Amino acid sequence: MDKNFQEEQFTGVIKFTPPLYKQRYQFIKDLVGKYKPKKVADLGCADCTLLWMLKFCSCIEVLAGLDICASVMKEKMHRLSPLPVDYLQPAERCLTVTLHHGSVAHKDPCMLGFDLVTCIELIEHLEESELKKFPEVVFGFMAPGIVVISTPNSEFNPLLPGVTLFRHPDHKFEWNRVQFQSWALETARCYDYSVEFTGVGHPPTGMENVGFCTQIGVFIRKYPQTSESAQSEKPTEAVYKTVFKAVYPSLKDEKYLQNVVVSEVIFTAQIIKQSLLDRLMSEHEEYKDDPTERKSKFQPSMNCFSEDLRKLVVEKSMEPFINGNVVYIPLTTIFSFPKVNRLCGTFEKLCKLIAGKVTLSSDGSAVMFNTEHENEEN
């Protein structure tokens, strides 16, 4: 529930660079880079900006957002959908993004099992009754490995022109550092977490005593959650409404892996085929000039391919051959290319993935290409 655009009108002569909301989000990104969580939930996700930033973190496989206002989420949730490039070049990781409409005062099993839960500028929007339930929902029920909570530091407010009571009309309270730290330490003690305090938005020179504009608590669970504690008293009834879900294409999905492997096999085979035809053409030209001098070394084309691929074609012991108008490229040669090898892992899997998708010889040992169109062009 990060209403930064409304917060900025109060900053007056105090200008944060980068803007305060970007500093908060960067703090989370840095934390993700440090701890490498696979499953991350953002409570009070609002317009989904933080989720959109986190979807580019390669360690994350599950992203979930929760907000009490469905309309705010729906305005920008399209940014969380896969792009055409995600289908053309699927990532190796899996990624699922889900948005839920509901309250942080309610428990729902869809929020179990997360490594990191973020609550950015959320708690100050909660009613007193919701704030009382919040620790049990987040720390007791969800019990993630890490919880990050940010909230305004009221000691900074006198430096923000226009702020008389709270920074935002929807804020139910704003705590000073002692109040926030007292609440956070008691919450950490009750649920077996440790907590460290920091913040973003440095005060002006000479005003360091007021602390950060945004205060942050980073809670880390002291003990790994046992399977027994994870299962105990967890409700099975869903209370949140799912308003968005996107499953990104991944090479872990055999459908997408097959498409990539088939394309790579055809591309690699085309390189080998072209190298063979270039060699034969070169030998033919040399034979016309001097029949007694024949080159036996494999010499691929130096015009069409990258330096790395040219080296591979030269270094690999290739034995493609031509029979009539058909070029045969052994699958074992194609499999020896690093990218094909990495994608498939085993030769058996290569054969399985391209079966029925690539034209093979009768015994299935080689990729076949017809050279008639090359002859016509020449």
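Residues numbered from 1 in each chain as written. Predicted model: local features only at pLDDT ≥ 70, side-chain atom pairs only at ≥ 80, totals over all residues. Heavy atoms only, no water.

With an unreviewed UniProt entry as reference, the protein is termed Small RNA 2'-O-methyltransferase, source organism Cathartes aura. Note on the protein: under the UniProt heading Sequence similarities (unreviewed entry), the record states "Belongs to the methyltransferase superfamily. HEN1 family." Per UniProt, the comment on the protein under Catalytic activity (unreviewed entry) is "small RNA 3'-end nucleotide + S-adenosyl-L-methionine = small RNA 3'-end 2'-O-methylnucleotide + S-adenosyl-L-homocysteine + H(+)". (UniProt positions renumbered as here; feature names shortened; annotations may be inferred.)

Student: Quick question: what am I supposed to make of the overall build of the protein here?
Tutor: Looking only at helices and strands, one finds 14 helices and eleven strands in the protein. Relative to its full complement of 378 residues, the protein shows a buried share of 47%. Sequence-distant contacts in the protein: of pairs separated by 6 or more residues, those separated by 24 or more amount to 73%. Per element, the accessible surface of the protein, about 19,700 Å² overall, is 52% carbon and sulfur. (Helix = DSSP H or I, 4+ residues; strand = E, 2+ residues; numbered from the N terminus. Buried < 20%, exposed > 50% of the residue type's maximum accessible area, 1.4 Å probe, protein only. Contact = heavy atoms within 4.5 Å. Areas by Shrake-Rupley, 256 points an atom, 1.4 Å probe, with all protein chains shown as cover.)

Student: Just checking my understanding: could you explain the sheet that holds strand E6 (residues 193-200) for this structure?
Tutor: Working definition: the strands of a sheet are paired by backbone hydrogen bonds and lie parallel or antiparallel to each other. On the basis of which strands lie adjacent, the open sheet formed by eight strands has the order E6-E7-E5-E4-E1-E2-E3-E8 and mixed pairing. Edge positions in the open sheet fall to E6 and strand E8 (241-247), since each of these has one partner strand only. When the angles between neighbouring strand axes are averaged without regard to direction, this sheet yields 15°. Bridge analysis of strand E4 (residues 116-120) against strand E5 (residues 146-152) gives five bridges, and the strand direction is parallel. Considered in E5, the bridge of Thr 118 is made with Val 148. Sheet strands in contact with helix H6 (residues 128-142) are strand E1 (39-43), E4, E5, E6 and strand E7 (214-221), and its direction is about 160° off that of E5. (Pairing = 2+ DSSP bridges. Axes fitted to C-alpha atoms, helices over the stretch in contact; angles between N-to-C directions.)

Student: Would you mind showing me how to read the environment of Phe 244 here?
Tutor: By secondary structure assignment, the location of Phe 244 is in strand E8. It is 7.5 Å that separates the C-alpha atoms of Phe 244 and Met 77, two residues lying 167 residues apart in sequence. Leaving out residues up to four positions away in the same chain, Phe 244 has contacts with Met 77, Leu 80, Ser 81, Val 97, Thr 98 and Leu 99.

Student: So what exactly am I meant to see when it comes to the pairing of strand E3 (residues 96-101) here?
Tutor: Consecutive side chains of a regular strand alternate in pointing toward one face of the sheet and then the other. Within E3, five of the six residues are buried, which leaves the element mostly enclosed by the surrounding structure. Both strand E2 (residues 62-67) and E3 contribute to a ladder of six bridges, which runs parallel. Each residue of the ladder has a partner; that of Ala 64, found in E3, is Thr 98. Across six bridges, E3 lies against E8 in antiparallel orientation.

Student: In this structure, what is going on with the environment of Lys 15? I would like to understand it.
Tutor: Looking at the secondary structure, you find Lys 15 in the loop between helix H1 (4-7) and helix H2 (20-35). Linking Lys 15 and Pro 204, residues 189 residues apart in sequence, is a C-alpha distance of 9.8 Å.

Student: Sorry, what's going on with the side chain of Glu 264 here?
Tutor: Along the chain, Glu 264 turns up in helix H9 (residues 254-289). Given a relative accessible area of 14%, Glu 264 falls into the buried group. The contacts of Glu 264, once residues within four sequence positions are left out, are Lys 339, Val 340 and Leu 343.

Student: Would you mind showing me how to read the nonpolar core here?
Tutor: Considering soluble globular proteins, one finds that nonpolar side chains tend to be buried as a cluster. Counting residues in each nonpolar core, the largest one holds 42 residues, and the members touching the most others are Leu 54, Ile 60 and Leu 99. Sorting the residues of this core by element identifies H2, helix H3 (49-54), E3, E4, E5, E7 and E8 as the ones contributing at least two each. Here the element with the most residues in this core is H2; it accounts for six residues. Counting 31 residues, the second largest nonpolar core, distinct from the first, contains Ala 64, Leu 126, Val 138 and Phe 173. (Core = buried A, V, L, I, M, F, W, Y, C linked by side-chain atoms within 4.5 Å.)

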